[in-house]
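One-letter residues, chain by chain:
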Amino acid sequence: MKFHWRDGNKIELLENGEEFYPRVYEVIRQAREEVLLETFILFEDKVGHALRDALIEAASRGVRIDVTVDGYGSADLTPEFVTPMTDVGIRIHIFDPRERLLGRRINLFRRLHRKIVVVDGEIAFIGGINFSADHLGDFGPGAKQDYAIQIEGPVVHDIHRFALTTIAPADPSRRWWRRRMRRQQADSYIGVNKGEARALFVVRDNDQHQNDIEQHYLQVIRDARSRLLIANAYFFPGYRVLREIRNAARRGVRVRMILQGQPDMPIAKFGARMLYNYLMRDGVEVHEYCRRPLHGKVALADYEWATVGSSNLDPLSLSLNLECNVMIRDHAFNKHLHERLDYLLQTDCRRIPLERIVRGYWWRAPLAFICFHIIRRFPRWAGMLPAHSPKITVLEPTSDRIDSGTPPFPREHS
């Protein structure tokens, strides 16, 4: 599937769950025909229950709803949570579910990490925010700092068409579904203009789009002339990305990085710090966000380009996971995102001084050397991992499930 730059979009930045969740619930409650939702994590907490209530209300009005969750990120959904949705006709798809091994989830690689909501083919949401209470400030010190966007306009057509192809099952009982997908693919109408933003929907998969998101980052970093600001939760990119970031600083671009200072996974901070010296010695400014865990995956360059999505700049996102970002060219959006990130820099970040890195432990230089060569070759090594064909399990309603307490009956599609 090919994607193209689309003019005439309206794109609004949504920061954290406080802005994201109410907007998504409101749009779902206003749905007329269809809701398509993909998420890495759906938890049975107050956020998950609020989403479920909104979906059930819409389905009760006849809205067609498909929810896709990842078998690793949402491994603990119970029949008690799922049953009320399937009983009103909501189709729950689980990407690559696996049995636990010694109580541990083993399907770590090739995860569905996207976060997509499309309602009636007219409004879409893309970003890094999962459906879990740890994206709300009242969760406590572990609450995540994150971003998403609400989109209206022609690019929603591409997102909608992509979401349909992801879930369309090879099932003769749903011929109408395949016909609808074919109409969407053949339809030349891509919606009326809603705003001034130019936008491109970009995905990373393990088939035809293995490097698309990384290639867009590389090109934008190479083209940057004034400023480059990257806020990324899990920063451990390949050698090419590191080199282009450093080269941008060398030619006079003000390059600022916002990385995790209070990580949800300590290894993320350890890995990123191995790269600080390489970047900072050529003028890259590294800032660590210290108020709470950073979960955002956003960036901007100069005064027009920006991106928001699910892709980290780490080996999992760039080489294995299923991801999606929206690339945006719009001065107003760039300006607003810059203001919000600059606010983080001024209030809740600490800048890492180069002197501290240079005076680090004696083992830092050889370890950094080893890290460079590992990440330089990681994409090729990752491709050698077992490339099984993940399946989507569809949870269907059964008449006796509530009484028996048995889990929903799975039906698998490649």
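Keep in mind it's a predicted model, so treat the numbers as computed, not measured.

**Quick look at the nonpolar core**
For soluble globular proteins, the rule of thumb is that nonpolar side chains tend to be buried together. Membership of the largest hydrophobic core comes to 77 residues, with the highest contact counts inside it found for Ile149, Phe201, Ile245 and Leu341. Of all the elements, helix α4 (residues 155-167) adds the most residues to this core, at seven residues. Among all residues touching isoleucine 149, those that are not within four sequence positions of it are Ile11, Glu12, Leu13, Leu14, Ala124, Phe125, Ile126, Val308, Val326, Ile328 and Phe333. Membership of the second largest hydrophobic core comes to 39 residues, among which are Tyr25, Val27, Phe81 and Ala133.

**Here we look at the pattern of salt bridges**
Under the criterion given, the structure shown has 24 salt bridges. The partner of glutamate 38 in a salt bridge is arginine 114, with the nearest N and O atoms 2.8 Å apart. Of the two residues, glutamate 38 sits in strand β2 (residues 34-39) while arginine 114 sits in the loop between β4 (91-95) and β5 (116-119), which places them 76 residues apart along the sequence. In this pair, the class of glutamate 38 matches that of arginine 114, namely buried. Beyond isolated ion pairs, a larger network of salt bridges with shared partners links Arg6, Asp158 and Arg161.

**Observations regarding unusual backbone geometry**
Positive phi is not limited to glycine here, since asparagine 16 has a value of about 65 degrees. On the secondary structure map, asparagine 16 appears in helix α1 (residues 16-29). Residue asparagine 16 is classed as buried on the basis of its relative accessible area of 7%. Even without being a glycine, aspartate 120 presents a positive backbone phi close to 55 degrees.

**Concerning the pairing of strand β7 (residues 147-152)**
Burial runs high along β7: six of the six residues are buried. Because side chains alternate across β7, one face comprises the buried residues Tyr147, Ile149 and Ile151, and the other comprises Ala148, Gln150 and Glu152, equally buried. Examined bridge by bridge, strand β1 (residues 6-15) and β7 share six bridges and lie antiparallel to one another. The residue bridging isoleucine 11 from the neighbouring strand is isoleucine 151, located in β7. Relative to β7, strand β6 (residues 123-127) runs antiparallel, the two sharing five bridges. Along β7, the bridge assignment pairs phenylalanine 125 with glutamine 150.

**Some remarks on the packing of helix α6 (residues 212-223) against helix α7 (residues 239-250)**
The relative placement of two packed helices comes down to the angle between their axes together with the axis-to-axis distance. Relative to each other, α6 and α7 sit at 15 degrees, their axes nearing to 9 Å. In terms of orientation, α6 and α7 fall into the roughly parallel class. Crossing geometry of α6 relative to α7 is assigned as left-handed. Residues Glu214, Gln215, Leu218, Ile221 and Arg222 of α6 pack against Arg240, Val241, Glu244, Ile245 and Ala248 of α7.

**Topic: the state of the cysteines**
By the definition in use, this model includes zero disulfides. Unpaired in this structure, cysteine 290 has its nearest cysteine sulfur neighbour in cysteine 349, at a distance of 6.8 Å.

**Some points on empty space enclosed by the protein**
Tallied over the full model, the rule gives three cavities of 30 Å³ or more. The computed volume of the second largest cavity comes to approximately 40 Å³. Lining the second largest cavity are Phe20, Glu38, Lys115, Ile116, Val117, Phe125, Ile126, Gly127, Phe131 and Ala148. Mapped onto the lining of the second largest cavity, the elements with two or more residues apiece are β5 and β6. At three residues, β6 tops the list of elements feeding residues into the lining of the second largest cavity. A breakdown of the residues in the lining of the second largest cavity according to their chemical character gives seven nonpolar, one polar and two charged.

**Remarks on the environment of asparagine 247**
Note that asparagine 247 resides in helix α7. For the pair asparagine 247 and aspartate 282, spaced 35 residues apart in sequence, the C-alpha to C-alpha distance is 8.0 Å.

**A closer look at α1**
Here α1 contains 14 residues, and its C-alpha end-to-end distance of 20 Å stays within 8% of the 20 Å for a straight helix at 1.5 Å per residue. Restricting attention to buried positions, one finds in α1 the residues Asn16, Gly17, Phe20, Tyr21, Val24, Tyr25, Val27 and Ile28. Taken around the axis of α1, the buried residues stretch over an arc of 165 degrees, which confines them to a single face. The inward-facing, buried residues of α1 contact β1, β2, α2 (46-60), β5, β6 and β7.

**Here's the deal with the environment of isoleucine 213**
The topology assignment puts isoleucine 213 in helix α6. A sequence separation of ten residues divides isoleucine 213 from valine 203, and the C-alpha atoms of the two residues are 6.6 Å apart. In contact with isoleucine 213, not counting residues within four places along its chain, are Val202, Val203, Arg204, Ser311, Glu323, Cys324 and Asn325.

**Describing the pairing of strand β8 (residues 197-204)**
Within β8, seven of the eight residues are buried, leaving the element largely enclosed by the surrounding structure. Sheet topology note: the β1/β8 ladder contains two bridges and is antiparallel. Directly across from arginine 6, in β8, lies its bridge partner alanine 199. Where β8 meets strand β14 (residues 323-329), seven bridges bridge the pair, whose relative direction is antiparallel. Bridged to alanine 199 within β14 is isoleucine 328.

**Focus: the packing of aromatic side chains**
Under the counting rule described, the total for this entry stands at ten aromatic pairs. Taking 6.3 Å as the distance between ring centres and 45 degrees as the angle between the ring planes, the aromatic pair formed by tyrosine 239 and tyrosine 278 counts as tilted. In this pair, tyrosine 239 sits in helix α7 while tyrosine 278 sits in helix α9 (residues 276-280), placing the two residues 39 residues apart along the sequence. An identical accessibility class is assigned to tyrosine 239 and tyrosine 278; each is buried. An aromatic cluster of three or more residues is present, and its members are Phe20, Tyr21, Tyr25, Phe125 and Phe131.

Cut-offs used in this document
- Here the residue numbers are simple positions, counted from 1 along each chain's written sequence.
- Totals for whole chains, interfaces and linings use all residues, but because this is a predicted model, local features are given only for residues with pLDDT of at least 70 and pairs of side-chain atoms are given and counted only at 80 or more.
- The side-chain numbers reported here are obtained from all heavy atoms of the structure, hydrogens and water having been left aside.
- Nonpolar cores are built from buried Ala, Val, Leu, Ile, Met, Phe, Trp, Tyr and Cys residues. Side-chain atoms within 4.5 Å join them into one set.
- Classification of residues uses two cut-offs on accessible area relative to the type maximum, computed with a 1.4 Å probe and protein chains only: under 20% is buried, over 50% is exposed, and between them is partly exposed.
- By the criteria applied, helices consist of DSSP H or I runs no shorter than four residues and strands consist of E runs no shorter than two, each listed in order from the N terminus.
- The contact rule is simple, with two residues in contact once any of their heavy atoms fall within 4.5 Å.
- Salt bridge, as used here, is a side-chain nitrogen of Lys or Arg placed within 4 Å of a carboxyl oxygen of Asp or Glu.
- Here a strand pair is declared whenever DSSP counts at least two bridges between the two strands.
- Comment: axis = line fitted to C-alpha atoms, over the contacting stretch for helices; angle = value between 0 and 180 degrees taken between N-to-C directions.
- Put simply, angles under 35 degrees are roughly parallel, angles over 145 are roughly antiparallel, angles from 65 to 115 are roughly perpendicular, and the rest are oblique.
- For any pair of crossing helices, the crossing counts as left-handed if the nearer helix is rotated counterclockwise from the farther one by less than a right angle, and right-handed if it is rotated clockwise.
- By disulfide we mean two sulfur atoms from cysteines, separated by a distance within 2.5 Å.
- Every definition here rests on a 1 Å grid over the protein atoms only: cavities are sets of points where a 1.4 Å probe fits but cannot get out, pockets are open sets enclosed by protein on both sides within 12 Å along at least five of seven lines, and lining residues have some atom within 4 Å of a point.
- Grid points are joined across faces, edges and corners, and a volume is the space filled by probe spheres set on the points.
- When residues are grouped by polarity, Ala, Val, Leu, Ile, Met, Phe, Trp, Tyr, Cys and Pro land in nonpolar, Asp, Glu, Lys and Arg in charged, and all others, Gly among them, in polar.
- The span you would expect from a helix comes to 1.5 Å times its residue count less one.
- By construction, the arc corresponds to the directions joining the helix axis to the C-beta atoms.
- Planes of paired rings set the category: under 30 degrees apart is stacked, over 60 is edge-to-face and the rest tilted, where pairs are Phe, Tyr or Trp rings (Trp by its six-membered ring) whose centres lie within 6.5 Å.

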